Amino acid sequence: MKTRFLFILTILILFVLEGTVVQVILSGWSDLHLAMVPRFVVVILIFAALFLGRVQGLILGLSFGLLYDTVYGSVIGVYGFTMALIGYFTGLVFKIFKQNIFLILITVLVALVTFEFMVYGLFLLISVAYLPVETFLFEKVLPSLILNMIFALLVAYPARRILVEIEQEEN
Amino acid sequence: MPSFFSNRRLIVLLVSTIIMVAVVGLTLKERPIPSWGEQFIRDTFGFFQSLAYKPAREIAGFFEMMGEWRVLHSENQRLKASLQDNAKLSARIRQLELENQALKEMLDYKEDRHEYTLLSAQVINRSPDRWYQMVTIDRGEKHGIKPNMAVITADGLIGRIKSVSQFTSQVELLSDVNRTLNISAVVQGQENIFGVIEGYDLEKRALLFEKIPKETPLEVGQTVITSGIGGVFPPGLYIGKIVEVSPDHYDLTQTALVEPAANLYHLDFLFVVQQTSLEPIEIPHTDDEENEE
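Residues numbered from 1 in each chain as written. Chains lettered and ligands numbered in written order. Predicted model: local features only at pLDDT ≥ 70, side-chain atom pairs only at ≥ 80, totals over all residues.

(A) Just the overall build of chain B, in detail. Secondary structure summary: chain B contains 4 helices and 12 strands in total. In chain B, once contacts between residues fewer than 6 apart in sequence are set aside, the share between residues at least 24 apart is 60%. (Helix = DSSP H or I, 4+ residues; strand = E, 2+ residues; numbered from the N terminus. Contact = placed C-beta atoms within 7 Å.)

(B) Spotlight on the nonpolar core. Counting residues in hydrophobic clusters, the biggest one holds 97 residues, and the most contacted among them are A:L45, A:I46 and B:V258. With 13 residues, the top contributor of residues to this core is helix 4 (residues 40–52) of chain A. (Core = buried A, V, L, I, M, F, W, Y, C linked by C-beta atoms within 7 Å. Buried ≥ 20, exposed ≤ 12 C-beta atoms within 10 Å, placed from the backbone.)

(C) Up close: the interface of chain A and chain B. Listed by partner, the interface residues are 33 residues for chain A and 34 residues for chain B. Of all the elements in the fold, those that place two or more residues in the side of chain A that touches chain B are helix 1 (2–19), helix 2 (21–26), helix 3 (30–35), helix 5 (54–72) and helix 6 (78–92) of chain A. Broken down by class, the residue content of the side of chain A that touches chain B amounts to 21 nonpolar, 11 polar and 1 charged. (Nonpolar A, V, L, I, M, F, W, Y, C, P; charged D, E, K, R; others polar.)

(D) Seen up close, helix 9 (residues 133–170) of chain A. Residue and element names in this part refer to chain A. Taking 1.5 Å of rise per residue, the 38 residues of helix 9 would be expected to cover 56 Å, yet its terminal C-alpha atoms sit only 43 Å apart, more than 12% below that figure. Within helix 9, the axis deviates most sharply at A156, by approximately 50°, and proline P158 lies no more than four positions further along. Regarding helix 9, the residues found buried are K140, S144, N148, A152, A159 and L163. (Expected span 1.5 Å × (residues − 1). Bend = angle between axes of the 7 residues up to and from the residue.)

(E) Here's a closer look at the sheet that holds strand 12 (residues 269–275) of chain B. Residues and elements named next belong to chain B. With antiparallel pairing, the 6 strands of this closed barrel are ordered in space as 1-2-5-4-3-12. Sheet twist, expressed as the mean angle between neighbouring strand axes with direction ignored, is 45°. Looking at chain direction, strand 1 (residues 116–126) and strand 12 are connected through 7 bridges and run antiparallel. Residue S120 lies in a different strand from strand 12, and its bridge partner there is F271. Most of the contacts of helix 2 (residues 36–68) go to strand 1, to which it runs at about 85°, and overall it touches strand 1 and strand 2 (134–137). (Pairing = 2+ DSSP bridges. Axes fitted to C-alpha atoms, helices over the stretch in contact; angles between N-to-C directions.)

(F) The sheet that holds strand 10 (residues 238–247) of chain B, seen in detail. Residues and elements named next belong to chain B. Strand order in the closed barrel made by the 6 strands is 6-7-8-11-10-9, with antiparallel pairing throughout. With strand direction ignored, the average angle separating the axes of adjacent strands in the sheet is 45°. Sheet topology places strand 7 (residues 192–201) next to strand 8 (residues 206–213); 5 bridges connect them, and they run antiparallel. Pairing of I197 across the sheet is with F209, part of strand 8.

(G) Just helix 1 (residues 7–27) of chain B, in detail. Taking 1.5 Å of rise per residue, the 21 residues of helix 1 of chain B would be expected to cover 30 Å, and the 30 Å separating its terminal C-alpha atoms lies within 8% of that figure. Burial analysis of helix 1 of chain B places just 1 of its 21 residues in the buried class, a small minority of the element.

(H) Quick peek at the packing of helix 1 of chain A against helix 2 of chain B. Across the interface, helix 1 of chain A lies against helix 2 of chain B with an axial gap of 9 Å and an inter-helix angle of 65°. Considering the angle they form, helix 1 of chain A stands roughly perpendicular to helix 2 of chain B. For the pair helix 1 of chain A and helix 2 of chain B, the crossing hand works out as right-handed. From helix 1 of chain A, A:V16, A:L17 and A:G19 reach across to helix 2 of chain B, where they touch B:F45, B:F48, B:Q49 and B:A52. When grouped by side-chain class, the residues that make up the contact of helix 1 of chain A with helix 2 of chain B number 5 nonpolar, 2 polar and no charged. (Parallel < 35°, antiparallel > 145°, perpendicular 65-115°, else oblique. Left-handed = near helix turned anticlockwise from the far one by under 90°.)

(I) The arrangement of the environment of B:D251 in detail. Residue and element names in this part refer to chain B. With respect to the element layout, D251 can be found in the loop between strand 10 and strand 11 (253–260). Judged by C-beta crowding, with 8 C-beta atoms within 10 Å, D251 ranks as exposed. Note: C-alpha distance between D251 and R31 (220 residues apart in sequence) is 38 Å.

(J) Region of the structure containing the pairing of strand 10 of chain B. Residue and element names in this part refer to chain B. In this sheet, strand 10 lies alongside strand 9 (residues 223–226) in antiparallel orientation, the contact comprising 3 bridges. Residue pairing for strand 10: I225 is matched across the bridge by Y238. By the bridge criterion, 7 bridges tie strand 10 to strand 11 in an arrangement that is antiparallel. Residue pairing for strand 11: K241 is matched across the bridge by E259. Between the antiparallel neighbours strand 10 and strand 11 lie 5 residues, among them D251 with a positive phi of about 65°.

Given below as C-alpha cells:
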C-alpha cells in the first residue's frame, strides 16, 4: 500500500514538473518550445497499465486525464477519455509484453503515437488543433517522441522494479 | 486472454464515448468562471506549481545571467547612449503634453480618461501540450482579477485573462490560434489606421492584422497598439511592429503581419491591466479587501 501511495505521488510530481520545470528548460529555445511536448505522465501510465492490468490502467488514466484537462486546459474530457483508453488497451496486452524491457519500450512507443493522434483528432474536431497532419507528424510528434522515449528509457528499470513490487503486494 | 470486444465491453465503450462527447460539448464554450471543483483543483495545483516554477526560473535566470556576462560591457555602453536620447525624448514629451493640455483647455475638451492600474503576477505554469497556448498566473479573483483583462509584460501585450479561479487564473496568449476574442488595434502611421487583429500565423510567428483597405499605406516597422474600441482592452497598450504587408487571397484588402514585442516563450513576471475608469464603484471594495489582507 505504501509503495502504491509513493507511486501515485511520483506521477503527481511528474504532472507538476511537466508544466513548470520542463517548460522553464524548454523556454530557452523557442523552436523546441513549440515542438517538444513532455508526456511523462502518459509514459508512466503505460508502464502502470502494463504491469497492473487494464482496470487499474483505466482508472489511473481517467483520473490523471481529467486532472490534465482541468489544470492545463479548459475543455474537460479530451485527455480524460484518451488517457483512459490508452490505459485500458495497453492493460489488455500486458501478459505478452511485460517480459522484456525492449518489448515494453516498443509498447510505450506505439501507445504514445496512438495517444498523440487521438488527442490531435479530438482537438481537430472541436477546432482547438489547427496543424495539417504532415506538420503535426514531423514537427510535433517526432520531437516529442524523442523526448518521451528518452524519459521512458531512463525510468524503465526503476519503474519496472516498483511496479513488480506493487504487483506482488497485491497478490 | 480476454477477447478485445465482448458485447458488454463494446457497450461500455460506446456509452463512455457518448459521455465524453457530452462533457466536451458542455465545457467547450467560453467559461470565464469555472465550476468550484475546477477552481479548487487549479488552485491546489497552482500552489505546488508555484513551488516548482519559481526556483526553476531563478536557476535558469542565473545561467542566463552567466551567459550575458560577456556582452554586458558593450550593452552597457549602448544603453548609456540610448539613455541620453531618452532624456531628450522625455523632455520633448513633457513639452508636448503641456502643449496638448493647454490646447485642450482652450477647446474646453472633455476627455474620457482611460486610466488603469497594473497588478503584478507571476507565471506558475504553462500548458505543456502546445494546443492550448496558455499560462497560469498566481493571482485570482481574490486579488481582483476579472475575465478578459489584458495581460502585458514590460515589452508589450501578451494576452488576456481567460478564466479566473480564487487564487489563480489562466491567461490565453496572443499565439493561441483558437482565440475567441479579437483585439481592436490601431497602426500608428501618418494617420491612425484602425483594424482588428484576428489570428496568429504559427509559421511566421506573427499576429494577423486583417482586412485593411487596399489603398491604406502600410509600412514595415510601423507600431501597432491597442485602440480601446470595444472597451475590452484599454487603449495604448503596445502590441508590436509590422514585419510584413501582403494582399489577401482576393486582392481586395491587405493583411499585415505584426510581430508581438513581448517574448511569448519566455514568460516570468506579468502585469494584469485593471481598468479603473470603467468600474469606479468597485474601487473602494477592492481597497477594503487589500486592507484585510
